[in-house]
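Chain by chain, the residues:
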Amino acid sequence: MPNLAFIFPGQGAQYTGMGKELSLHFDQAAAIFHQADEISSYSISKLCFDNPEGKLNQTEFAQPALLINSLAACEVALLHGLKPSMVSGLSLGEYSALVTAGSLTLEEALPLIQTRARYMQNAVPIGRGAMAAVLGPDIEAVEATCEEDEGIVSIANYNCPGQVVISGEGSAVERVGKILKSKGYRVIPLAVSVPSHSMLMFDAAMAFKGDLGKIQWKESNTPVISNVNACENASAQLVDILSSQLYKPVRWEDSVRYMMQHVDYFIEIGPGSTLSGLIKKIDKSRILGNIEDMRSLEKTLKKVNEL
């Protein structure tokens, strides 16, 4: 079997009904949801499968739901003989990667992510922050435009060639967006309530650092590639790495290019296929597919068996 990387999605990939099909077909996936329901003060399985009161798009609920969905899908992948040589995840997805690699347990990760989500949700009043995707050829020009603005705005995600995300104060993001549009860039406002990976998250990061310090981090059994520095890190570095992740940019393209030096193919584990789309813009021959339901599982397993 070729060397595989498992990649895990971040916030924004959630949708009503996610994980339900796999949990109905595989006891191992159902067990992850059951375990999460036992730990949490609310039913994460009901949240994912039915989305009562539309809470799934709120940061406080979306992040734990995505973590559990990714871990359930990962159990199904492992059950079918797929084993990663390397793992990584986009922002929140990095925690799914860390659990998969044995750096922390589900029992540790779920309360930690619930705390992380609350810190982020409460860090900035609703309406003050904003994020926008920027499509264009010259990323340095985007960086320069952000630096020239008097407000708080910066690049939050380096996703793939020609695509970044900017984040910060709503007024600053709007000003920078207008300037970039006048230069021919395409700017797409994102429907988010939290300006992630900007300095507006610094206070939340400092508070969260204390919670990260309470975890008994273990050395990973599989290399985990971090968003912050696009490389592997020892367990002793994780508190600093994961706290700074809240206000530093996600270096996803760099992370993918680093992994490409060590693995043959990528499989996206969990809801959606956003990361697969980004990787295709870097090298379309390296993606085997994703695992989120029965159809995607069967399609991905077929591709793996054909190699």
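About the thresholds
- Residues numbered from 1 in each chain as written.
- Predicted model: local features only at pLDDT ≥ 70, side-chain atom pairs only at ≥ 80, totals over all residues.
- Heavy atoms only, no water.
- Helix = DSSP H or I, 4+ residues; strand = E, 2+ residues; numbered from the N terminus.
- Rg over C-alpha atoms; globule rule 2.2 N^0.38 Å.
- Buried < 20%, exposed > 50% of the residue type's maximum accessible area, 1.4 Å probe, protein only.
- Areas by Shrake-Rupley, 256 points an atom, 1.4 Å probe, with all protein chains shown as cover.
- Lys, Arg positive; Asp, Glu negative; His and termini not counted.
- Charge placed at Lys NZ, Arg CZ, Asp CG, Glu CD.
- 1 Å grid on protein atoms, 1.4 Å probe; cavity = no way out; pocket = protein on both sides within 12 Å on 5 of 7 lines; lining within 4 Å.
- Points joined across faces, edges and corners; volume = space filled by probe spheres on them.
- Nonpolar A, V, L, I, M, F, W, Y, C, P; charged D, E, K, R; others polar.

Chemist: Help me out: how do you make sense of the overall build of the protein in this one?
Modeler: The number of helices and strands found in the protein is 13 helices and 9 strands. Computed over its C-alpha atoms, the radius of gyration of the protein comes to 19 Å, within 12% of the 19 Å expected for a compact globule of 307 residues. Dimensions of the protein along its principal axes, counting C-alpha atoms only, are 55 × 45 × 40 Å. Sorting the 307 residues of the protein into buried and exposed places 57% on the buried side. Carbon and sulfur atoms make up 49% of the accessible area of the protein, which totals about 12900 Å². The positive charge centre, built from 26 side chains, and the negative charge centre, built from 34, are 4 Å apart in the protein.

Chemist: Looking at this structure, I do not really get empty space enclosed by the protein. What am I missing?
Modeler: Gaps left between atoms show up when a probe the size of a water molecule is rolled over them. Applying the stated rule across the entire model yields 2 cavities of 30 Å³ or more. Looking at the largest cavity, its volume works out to about 80 Å³. If you trace the largest cavity, you find it lined by E94, L98, S103, K218, E219, S220, V224, S226, N233, A234, S235 and L238. Split into classes, the residues belonging to the lining of the largest cavity amount to 4 nonpolar, 5 polar and 3 charged.

Chemist: Help me understand the layout of surface pockets in this model?
Modeler: Approximately 790 Å³ is the volume attributed to the largest pocket. Lining the largest pocket are 34 residues, with Q11, G12, L90, L190 and V192 sitting closest to its centre. Taken together, the elements giving at least two residues each to the lining of the largest pocket come down to helix 4 (59-79), helix 6 (106-123), strand 3 (129-135), strand 4 (153-160), strand 5 (163-169) and helix 12 (274-283). It is helix 12 that contributes the most residues to the lining of the largest pocket, 5 residues altogether. Of the residues belonging to the lining of the largest pocket, the class tally is 16 nonpolar, 16 polar and 2 charged. Forming the walls of the second largest pocket are 15 residues, and the residues nearest its centre are K280, G289, N290, K299 and K303.

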